[in-house]
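Single-letter residue listing:
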There are 2 protein chains.
Amino acid sequence: MKTPPSRPKAIIRKPLPVKSDIAVTTHESVYRGLRNRILFGGFLPGSAVTLRGLAEDMGVSPMPIREAVRRLIAERALKMQDNRRVLVPLMTQATFEQIVFARKTLEPELAARAMDHIGPAELRQIAAHDRSVDRAMATSDIHGYMESNYRFHFAIYERAGAETLMALVESIWLQFGPFMRMAYNRWGTSDLEDQHQAAIAALQRNDRKALRAAIAADVSQGMSFIGESVLRRAY
Amino acid sequence: MKTPPSRPKAIIRKPLPVKSDIAVTTHESVYRGLRNRILFGGFLPGSAVTLRGLAEDMGVSPMPIREAVRRLIAERALKMQDNRRVLVPLMTQATFEQIVFARKTLEPELAARAMDHIGPAELRQIAAHDRSVDRAMATSDIHGYMESNYRFHFAIYERAGAETLMALVESIWLQFGPFMRMAYNRWGTSDLEDQHQAAIAALQRNDRKALRAAIAADVSQGMSFIGESVLRRAY
DNA sequence: GCGCGAATAATGTGATCACAATGGGGAGTG
DNA sequence: CACTCCCCATTGTGATCACATTATTCGCGC
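As a starting point, this report considers the structure included with it. (Residues numbered from 1 in each chain as written. Chains lettered and ligands numbered in written order. Predicted model: local features only at pLDDT ≥ 70, side-chain atom pairs only at ≥ 80, totals over all residues. Heavy atoms only, no water.)

Let's shift gears to the overall build of chain A. Along its length, chain A carries 9 helices and 3 strands. Helices and strands in chain A line up, N terminus first, as α-β-α-α-β-β-α-α-α-α-α-α. Contacts in chain A between residues far apart in sequence, at least 24 positions, make up 76% of those at least 6 positions apart. (Helix = DSSP H or I, 4+ residues; strand = E, 2+ residues; numbered from the N terminus. Contact = heavy atoms within 4.5 Å.)

This part covers the interface of chain A and chain B. With 31 residues of chain A in contact, the opposing surface of chain B contributes 31 residues. Between chain A and chain B, a total of about 2800 Å² is buried, with carbon and sulfur atoms accounting for 57% of that surface. When the buried area of chain A at its contact with chain B is split by residue, A:Arg70, A:Gln98 and A:Thr164 rank highest and sum to 23% of it. At the junction of chain A and chain B, the tally comes to 8 salt bridges. Notably, a salt bridge pairs B:Arg66 with A:Glu67, separated by 3.2 Å at the nearest N-O pair. Scanning the region where chain A abuts chain B turns up 14 residue pairs in polar contact (both at pLDDT 80 or more). (Buried area = accessible area lost by both parts, 1.4 Å probe. Salt bridge = Lys/Arg side-chain N within 4 Å of Asp/Glu carboxyl O. Polar contact = N/O pair within 3.5 Å; in protein donor to acceptor, adjacent residues only side chain to side chain.)

If you rotate chain A by 180° and push it 0.0 Å along the axis, it lands on chain B with an RMSD of 0.0 Å. On the angle and the small slide along the axis, the relation comes out as a two-fold axis. No C-alpha of chain A lies nearer the rotation axis than that of A:Arg71, which sits 2.7 Å from it. Comparing contact sets, 100% of the residues at the interface of chain A also lie at the interface in chain B, consistent with an isologous, same-surface contact. (Least-squares fit on C-alpha atoms with pLDDT ≥ 70 in both.)

Across a sheet, paired strands are connected by hydrogen bonds in the backbone, their directions being either parallel or antiparallel. In spatial order, the strands read 1-3-2 (chain B); together these 3 strands make up an open sheet with antiparallel pairing. The open sheet has two free edges, formed respectively by strand 1 (48-49) and strand 2 (79-80) of chain B, since each of these has just one partner strand. (Pairing = 2+ DSSP bridges.)

Turning next to the environment of A:Lys104. Residue and element names in this part refer to chain A. Here Lys 104 lies in helix 4 (residues 93-114). What Lys 104 contacts, discounting residues up to four positions off in sequence, is Ala 216, Val 219 and Ser 220. One polar contact links Lys 104 to Ser 220, side chain to side chain, over a distance of 2.7 Å.

Turning our attention to the packing of aromatic side chains. All names here are of chain A. With the rule as written, the count across this model stands at 18 aromatic pairs over all chains. Geometrically, the ring pair formed by Phe 40 and Tyr 150 is edge-to-face, given 5.6 Å between the ring centres and 70° between the ring planes. Of this pair, Phe 40 sits in the loop between helix 1 (26-39) and strand 1 (48-49) while Tyr 150 sits in helix 6 (residues 142-157), and the two are 110 residues apart along the sequence. Per residue, the accessibility class of Phe 40 equals that of Tyr 150, and both read buried. Look at Tyr 184 and Phe 225: their rings are 5.9 Å apart centre to centre, the planes differ by 25°, and that puts the pair in the stacked class. (Phe/Tyr/Trp six-rings, centres within 6.5 Å; stacked < 30°, edge-to-face > 60°. Buried < 20%, exposed > 50% of the residue type's maximum accessible area, 1.4 Å probe, protein only.)

Take the sheet that holds strand 2 (residues 79-80) of chain A next. All names here are of chain A. Read from one edge to the other, the open sheet built from 3 strands follows the order 1-3-2, with strand pairing classed as antiparallel. Across the chains shown, the open sheet's two edge strands, defined by having one partner strand only, are strand 1 and strand 2. Pairing geometry for strand 1 and strand 3 (residues 86-87), over 2 bridges, is antiparallel. Opposite Val 49, over in strand 3, you have Val 86 as the bridge partner.

What follows is about helix 7 (residues 163-187) of chain B. Residue and element names in this part refer to chain B. For helix 7, which comprises 25 residues, the first-to-last C-alpha distance of 34 Å matches the rise-based estimate of 36 Å (1.5 Å per residue) to within 8%. Most pronounced at Gly 177, the bend in helix 7 amounts to some 40°, and the proline Pro 178 follows within four residues. The buried fraction of helix 7 amounts to 19 of the 25 residues, a majority that puts the element mostly inside the structure. Looking one or two places after helix 7, you find Gly 188, whose phi comes out positive at around 75°. (Expected span 1.5 Å × (residues − 1). Bend = angle between axes of the 7 residues up to and from the residue.)

Glancing now at helix 8 (residues 196-204) of chain A. Owing to its 3.6 residues per turn, the α-helix brings residues three or four apart onto one side. All names here are of chain A. Turning to helix 8, its buried residues number three or more, namely His 196, Ala 199, Ile 200, Ala 202 and Leu 203. Taken down its axis, helix 8 places every buried residue within 160° of arc, on the same side. Where helix 8 is buried, its residues contact helix 5 (120-138), helix 6 and helix 9 (208-230). Among the residues trailing helix 8, Asn 206 stands out with phi positive, at a value near 50°. (Arc of directions from axis to C-beta.)

Glancing now at unusual backbone geometry. The backbone of A:Arg84 sits at a positive phi, close to 75°, despite the residue not being glycine. In this structure, A:Arg84 sits in the loop between strand 2 and strand 3. Of the residues examined, A:Arg84 reaches a relative accessible area of 48% and is grouped as partly exposed. Its identity as a non-glycine residue notwithstanding, B:Ser140 has a phi of 55°, on the positive side. Locating B:Ser140 in the fold gives a position in the loop between helix 5 (120-138) and helix 6 (142-157). You can call B:Ser140 exposed: its relative accessible area is 56%.

For the rest of this paragraph, the subject is the pattern of salt bridges. Per the stated rule, a full pass over the model turns up 28 salt bridges over all chains. Here A:Glu28 ties to A:Arg32 by a salt bridge, and the two come within 3.4 Å at their closest N and O atoms. Taken together, the positions of A:Glu28 and A:Arg32, both in helix 1 and 4 residues apart, correspond to about one turn of that helix. Overall, the relative accessible area of 44% leaves A:Arg32 in the partly exposed class. Where B:Asp116 meets B:Arg208, a salt bridge forms, and the shortest distance between an N and an O atom there is 3.2 Å. On the criterion of sequence distance, the pair formed by B:Asp116 in the loop between helix 4 (93-114) and helix 5 and B:Arg208 in helix 9 (residues 208-230) is long-range, its members being 92 residues apart.

The next point concerns the environment of B:Ile200. Residue and element names in this part refer to chain B. Here Ile 200 lies in helix 8 (residues 196-204). When the C-alpha positions of Ile 200 and Ala 127 are compared, they lie 7.0 Å apart, and in sequence the two are 73 residues distant. Ile 200 has contacts with Leu 123, Ile 126, Ala 127, Asp 130 and Phe 152, leaving out every residue within four places of it along the chain.

All names here are of chain B. Where helix 4 meets helix 9, the closest approach of the two axes is 8 Å, and the angle between their N-to-C directions is 155°. Between helix 4 and helix 9, the crossing angle belongs to the class labelled roughly antiparallel. Where helix 4 crosses over helix 9, the two elements pack in a sense that is right-handed. Residues Phe 96, Ile 99, Val 100, Arg 103, Lys 104, Glu 107, Pro 108, Glu 109, Ala 111 and Ala 112 of helix 4 touch helix 9, and the partners they reach there are Arg 208, Leu 211, Arg 212, Ile 215, Ala 216, Val 219, Ser 220, Met 223, Ile 226 and Gly 227. Its residues assigned to classes, the contact of helix 4 with helix 9 shows 12 nonpolar, 2 polar and 6 charged. (Axes fitted to C-alpha atoms, helices over the stretch in contact; angles between N-to-C directions. Parallel < 35°, antiparallel > 145°, perpendicular 65-115°, else oblique. Left-handed = near helix turned anticlockwise from the far one by under 90°. Nonpolar A, V, L, I, M, F, W, Y, C, P; charged D, E, K, R; others polar.)

Following this line, the structure appears as structure tokens:
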């Protein structure tokens, strides 16, 4: 008895006729909502996801959900098993190792390419994200930590103007988001030493080599932390 | 006057009730069909793609087309512009350079990881694909060349058992497929020297370093050929 | 109590319709 | 002959329904 069987289906026929601005589709907002949930720890690995369930949660018809889910499956943020059931993927040691490799290969490169396009204004924004990370860590705000950490990294990477490589990295982040959250659920975020300062310093003195190293170190440290904490068995 | 306005809509209500085998969905076969067309040069960059058009071509309703197209857009094989029109993406110098970087970073790694899982049987298959490449080149069969070349590379890579990295590489190949075809349309495939032999030889003597180098050389040569031939302006 | 099987619920898939927005083409005007 | 405006065809989007398949639940017999 989870839901009353004959509920009148929430008659919200025209949910957003307010399309006066940029005409964002329902699909797009659903996609972004799900994406953020995955990226910032709103789902745990192994969670089941159903089209009608999400549709009811988000107050829309199953139609835009279908497309958003299909899209997230293509990005490997969700997985459809042979049952045709959709779930948040589990993490395995093999997958995790490949994610680490991809991150350590691609993210320092993106940072290096971005450096020349990061001026004082961008650097200020990046430093602000880092402070948000510290604040979230101090208050054990896991969601806030994950979001700020994401924004810190991508505020750098996006300056590279390398959309093709960015798409690869974004797909990778989507794949370890839920798993990251699980690690932090267990251990908190406090024993994570902040490697972001080294990156900021490297950006300030335009030291590309040091920036690469700082990003690589941040990836290594963060991933080995969440890897060791939960990878005894598959999640 | 392209289509008679009141055509009875091709009444093929139950196109495949033959689902006796593995229950493949219409979506899946449509996806694979489109994927192969993109991968092996069935589309040219800039081609417009419409849901109803594809639906009619493939004899299915627009519904599975929508999902397949959405999926391919997520994989960057297709692009939806702000008009909501879908097209095969054009290639730019910037995108092309990123593709080359990603290939040279990821593909030698995949090959290196695959080496230990390639026995005589697999090597025979790989060599057979290479002969198909030669045969296609000899007969100026562009589609055949592209397909055999794909199969050669992925017969190696898939032995790495690294699905996460494979997904990245597959997305990359989808992005340069149409563009590659355009280059070959202009110049033929004949002045492409066959670098595959070096890879096969390296596999035979288990020389990982040489294998990496051979794959990297193959990527470099192939990409610089198609890059130089058409990248004076954007396509 | 405990398996086991049938009935029932839930799920993804495909089809069809309505709709708003965009694009293209042609008539009309200068 | 060029330009503008309007109309209509085309497009993607969202909703809803029907259906086959798969899970789950319930109840019967041991």
